[in-house]
Every structure is written in structure tokens, then in C-alpha cells.
Amino acid sequence: KSISELARLTASAIQVLCSLERSPEVVNMASSDMLFNVDNGYLEGLVRGFRGGILAQTDYLNLTQCETLEDLKLHLQSTDYGNFLQNEAGPLTVAVVDDKLREKLVTEFTYFRNHSLPPLSQFFDFITYGYMIDNIILLITGTLHNRSISELLPKCHPLGQFEELGSLGIAQTAKDLYNAVLVDTPLALFFQECVSEQDLDELHIEIIRNTLYKAYLEAFFEFCQSIGGSTADMMLPILQFEADRRAFNITINSFGTELGKDDRAKLFPRCGRLYPDGLSRLAKADDYEQVRQVAECYAEYAQLFDGAGTGPGEKTLEDRFFEYEVKLNMNAFMNQFHFGVFYAYVKLKEQECRNIVWISECIAQQNRSKIDNYVPIF
């Protein structure tokens, strides 16, 4: 009897396993998790190793004790940055430190991108689109001020470089540049749908920037949704925060300008937690206090506004946003088998670069009273 009972239980277990194998949920889980390492395991392991090289609080404490930039250089040599400043023969300046920090980040990002396969390679493309927008806006602004494109190209962010960027040097007017962007760049779709040739004047340049970012964030959000799985779980909250941060900043910066409430509302990305009710209230806000009241309806944003100020010892709202962004990006490393770690690593390294440059500026200007006003990561 016991043998027959065991056989019956075994048969039942086999039937359950067979039904699970045919289950779409299990198939999707296998595709997103079990098979993730086939194409992406090496790069994910590598970026998690690089994450271990991000400066810790003890490193920042040592950097803030440096008396000169040469002292700062010596301490950075004991970290994962190594001898990245060793070939600088002349006097070390903050600009040189900034350039070398950015160059190191770009080298790492390029390695990831060059060894990736779709859809991870497409994910990397989306990361670069934000920098491409900044570069294109820089070129348009310079062209409107009659500056040569060839003079502006070296000032473009290297993560926003693309093959067609060099060909934009033949553009002599804003109209030529607009036509070149529509034809030759990865941003053509965003420009065609969001910006007209008549918008290319100095008054509309920030509106163009925010309109492009709106389209970019919404497209990135939809792309991460389409990937699904852990990538969507990690990336969607990050992109939602970025969309909401832009909505808050656009509203606050529009006070006292000619930007009307209807035009302001058109610039808000519609993929954040504020959509739709919060954005509707922001569009009607007349001052900073009304913006704060909107933020109070969202627990995480209420905390950011409550601790923000411009007085001595207070952190600005921008700094509070940066701190919350760091928290979200650190959380991305708490899960596995997703693309969010690559985005998070780039953003964390950017914040680290801002911290080092800030400390370098304080050392160079001998203004140690504000040297601790950086955004800690760990």
C-alpha cells in the first residue's frame, strides 16, 4: 500500500512539473533569468566588479584633508582610479581632473557597449541619447550666436558623440543644422515629432531641450517596459523619478518668465509618478509653496522638499534630488539579471566625478568651509 501511494504521489508531482514547464510565467522567468547570462552575464559581472571600486566614505574623508591637487592625485592613485593622472606633465588643474575623470568613465562605458548584444546594446543607445540631446542643444545655441561648429565640437560630452556628429560641422546656420539633425542623427525621430524649424531661436532653446527630454524619457520608459522582468522592476522607478524631477524643475524655473502655464504643461514627461494628477497641479502652480504642496502628496518627494533650503547648513533641493537618485541607483544593484545595473553604474560614477571635482575646486580656491558639501554614495 505504501508503494502504491508513493507511486501515485510521484505521478501527481510529475504532472505538476509538466504543467509548470508549459506555463508562460515559467517560460518568461527562464528567458529573463536563467538565460540572461548567455549574452549578458559577463558584462553584468564586470559592472558589478567596477561598482566595488566606487569611492567609499573613508576615501572622501581623505580627499577632503588634501592641501593641494597633487595630494588629491596621490590619494586617488591608491583607489581604482590608479595612475589616470600620471601623464599630466604641467601643473594639475581642476579642468584636467574633470577631463580625465570623464575620459575614464567613457572608456569603461565604451567597452560595455562594444561587447553587448541586443537588446542590451539598444539599452546602451538609450543611455547615450540624453547626452546627445545636450550636445545638439549646445551646437544649436552656438550656431545662433554665430560660433563655428568646429569650435563647439570639442566641448560636446563624449558619451553623446555619434558618427554623424562630425558631419554637422558643415552646417553654417541653425536651419542647416536642423536639417542635418533630421537626416543624419539618432535623434531624428525626436526632432521630427517635437521640434519645428521655426522653434530654432534663442527664446525657444530651453523649450526645445525640455521637449526633447520629454520624448526621450517616455521612449526609454516604454523600451524598459517592453523588456519587462527585473529590468522593468529596477528601471521604471528610476525613470519615473527622473521624469518627476524634470517636472518639478521646469515648474520652479518657469516662475517669473514668459513661459505660460499651458506651454509649461506640454514640457512635463508623462511617465512619472506625478502623472496625471500631480502634473495637472504643477501646471497651475504660481509659486514655490504651491509646488511644495504638490510634493507633499507623495511621501518620497515630501521628504526631499522638507529638508531643502538655501540657508547656512541646509542642502539645496538639487542636492536632495541627487541624494535620492543615488539611493535609487544603489538599489539597482540589490537585484540580478537585469540591465538597470549599467544605467545605475553610469549615474553613480557621474555623481562620483561631480564629488571629486567639487572637492578639487574647494582645494584649488582654498575654500575649505564648503568642501564637505558633496553627495555621499555609500
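The following refers to the structure shown. (Residues numbered from 1 in each chain as written. Predicted model: local features only at pLDDT ≥ 70, side-chain atom pairs only at ≥ 80, totals over all residues. Heavy atoms only, no water.)

The subject of this paragraph is the side chain of E352. In this structure, E352 sits in helix α18 (residues 340–364). The contact partners of E352, leaving out residues within four places of it in the chain, are I54, L55, Y60, Y81 and I377. (Helix = DSSP H or I, 4+ residues; strand = E, 2+ residues; numbered from the N terminus. Contact = heavy atoms within 4.5 Å.)

Moving on, we get to the environment of V375. Among the secondary structure elements, V375 is positioned in the segment after α18. We classify V375 as buried; its relative accessible area is 5%. Spatially, the C-alpha atoms of V375 and Q351 are 7.5 Å apart, while their sequence positions differ by 24 residues. Excluding anything up to four places from it in sequence, V375 contacts D319, F322, E323, V326, Q351 and N355. (Buried < 20%, exposed > 50% of the residue type's maximum accessible area, 1.4 Å probe, protein only.)

When its volume is computed, the largest pocket comes out at roughly 1,400 Å³. When grouped by side-chain class, the residues that make up the lining of the largest pocket number 18 nonpolar, eight polar and 15 charged. Considered as a void within the structure, the second largest pocket measures approximately 270 Å³ in volume. If you go around the second largest pocket, you meet 15 residues; those closest to its centre are E314, K315, T316, D319 and N373. (1 Å grid on protein atoms, 1.4 Å probe; cavity = no way out; pocket = protein on both sides within 12 Å on 5 of 7 lines; lining within 4 Å. Points joined across faces, edges and corners; volume = space filled by probe spheres on them. Nonpolar A, V, L, I, M, F, W, Y, C, P; charged D, E, K, R; others polar.)

Overall, the coordinates contain 28 aromatic pairs when judged by the stated rule. Relative to F321, the ring of F305 has its centre 6.3 Å away and its plane inclined at 80°; by these criteria the two rings are edge-to-face. Here F305, found in helix α16 (residues 299–306), pairs with F321, found in helix α17 (residues 317–331); they are 16 residues apart in sequence, far enough to count as distant. By the burial criterion, F305 is buried, and F321 matches it. (Phe/Tyr/Trp six-rings, centres within 6.5 Å; stacked < 30°, edge-to-face > 60°.)

The next thing to look at is unusual backbone geometry. Along the chain, P118 connects to P119 via a cis peptide bond; the corresponding omega equals 5°. Look at the link from Y275 to P276: it is a cis peptide, with omega at 0°. Inspection of the secondary structure puts P276 in the loop between α13 (261–266) and α14 (277–284). For N146, which is not glycine, the phi dihedral falls at a positive 60°. With respect to the secondary-structure elements, N146 resides in the loop between α7 (120–144) and α8 (149–152). We note that F337 has phi near 60°; this positive angle belongs to a residue other than glycine. You can see F337 is positioned in the loop between α17 and α18. When its relative accessible area of 27% is taken as the criterion, F337 is described as partly exposed.

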